[in-house]
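What follows is the residue order along each chain.
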Amino acid sequence: MPKAKVYITLKPALLDAQGRVLQSALQQLGFESVQGVRVGKYLEVELAPNGDPHEQVEAMCQKLLANPVIEQYRYEIEP
Amino acid sequence: MKAGVIVFPGSNCDRDAYYALRDVLGYEAEYLWHAEPRDLSEYGLVIVPGGFSYGDYLRPGAIARFARIMESLCEYAARGGLVLGVCNGFQILCEAGLLPGALTRNLSLKFRCKPVYVRVENADTPFTRRYQPGEVLQIPIAHGDGRYVCDEATLSQLRANGQILFRYCSPTGALDDAWNPNGSTDHIAGIANEGFNVLGMMPHPERACELLLGSADGRRLLAVG
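Along each chain, residues carry numbers from 1 onward, in the same order as the chain's sequence is written. Working convention: letters from A go to chains and numbers from 1 go to ligands, in the order in which they are written. At least 70 in pLDDT is required for a residue's local features to be given in this predicted model, at least 80 for side-chain atom pairs to be given and counted, and no such filter applies to totals for whole chains, interfaces and linings, which use all residues.

Draft legend 1. Highlighting the nonpolar core. Put simply, a nonpolar core is a cluster of buried Ala, Val, Leu, Ile, Met, Phe, Trp, Tyr and Cys residues tied together by C-beta atoms within 7 Å. Working definition of burial: number of other C-beta atoms within 10 Å of the residue's own, with buried at 20 or more, exposed at 12 or fewer, and partly exposed in between, all C-beta atoms being placed from the backbone. If you look at the biggest cluster of nonpolar residues, it comprises 74 residues, and the most contacted ones within it are Val5, Leu21, Val46, Val83 and Leu93 of chain B. Beyond its immediate stretch of four places on either side in the chain, Val5 of chain B contacts Asp14, Ala17, Tyr18, Leu21, Ala29, Tyr31, Leu32, Ile47 and Pro49 of chain B. Counting six residues, the second-largest nonpolar core is a separate cluster that includes Ala4, Cys61, Ala66 and Tyr73 of chain A. Contact between two residues is assigned whenever their backbone-derived C-beta positions fall within 7 Å.

Okay, here's the thing in structure tokens:
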């Protein structure tokens, strides 16, 4: 069963309010090397073995999983 | 006038909207179930209400935009029908592409539930023509994802066309970050489409229709009939 691992993050130009708080929290905990944190979403999508999984996952991302106005995405497909 | 209120699983301002339309404004109000597509041409106004449709799963409005009633709503809007999206309704209209941009997490990361002030930026639309330009209204908000964002080109277009109908402001109408409850771009509280028949806003006019509830400033917005 092919499995798609989909990573969705806010576009770099957008301020990530959660990421900013986590960055500050990490720095306060002594992780002074932290230069930035971006919070995203990780999804695992299990697919039936027929069809082109890349084509299907690309369409899913465009139609529903990501909002192209604010988000970017990438994915890997495990056979 | 007939006015409709769409109901999704997780809508929670549908009854407030229904009450405002029927009991306050005297319209013939009706609930519109999300799963039933229908001809909306006889309606003078359709409200996409606030709440947490589909539990805000994935993103607010991401699932609701694919509900069957949304096909009917898009046809209705394309023919010039008046659509008002409030709070989660605004998020749904953006997800559906009926309005540009998107609504993201409040800068404070806090759910903000309080009365705010908004300034009428364009008083020449079906929703705002009963207000004076620059008039300051007190209307409540209740949201965690209300920070409006869009790209620079869209923002320029919104400004140039007068599509920004409401901006958060101080009680005297000044624009200031201190009075922007969610960090919204350019203090945007509500925008319309290019045809001005679709309005999305985070503040709840349906909760500001009677002085008994703290403010009646939202009533004129709904008085489109």
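Now, onward.
Draft legend 2. Summary view of the pairing of strand E1 (residues 3–10) of chain A. Residues and elements named next belong to chain A. By definition, two strands form a pair when at least two bridges between them are found by DSSP. By definition, any uninterrupted DSSP run of H or I lasting at least four residues is a helix, any uninterrupted run of E lasting at least two residues is a strand, and each is numbered from the N terminus. Both E1 and strand E2 (residues 40–46) contribute to a ladder of seven bridges, which runs antiparallel. Of the residues in E2, the one forming a bridge with Tyr7 is Tyr42. Inspection of the sheet shows E1 paired to strand E3 (residues 71–78) by eight bridges, in the antiparallel sense. Across the sheet, the residue bridging to Val6 is Tyr75, located in E3.

Draft legend 3. Spatial organisation of the sheet that holds strand E3 (residues 45–48) of chain B. Residues and elements named next belong to chain B. Judged by pairing direction, the sheet is mixed, and its nine strands sit side by side in the order E2-E1-E3-E4-E11-E10-E9-E6-E7 without closing on themselves. Since the sheet does not close on itself, it has two edges, and those belong to strand E2 (28–33) and strand E7 (136–143), each with one partner. In this sheet, neighbouring strand axes are inclined to one another by 25° on average, regardless of whether the strands run parallel or antiparallel. Relative to E2, strand E1 (residues 2–7) runs parallel, the two sharing six bridges. Residue pairing in the sheet places Ile6 in a bridge with Leu32 of E2. Each axis is a line fitted through C-alpha atoms, taken for helices only over the stretch in contact, and angles between the N-to-C directions span 0 to 180 degrees.

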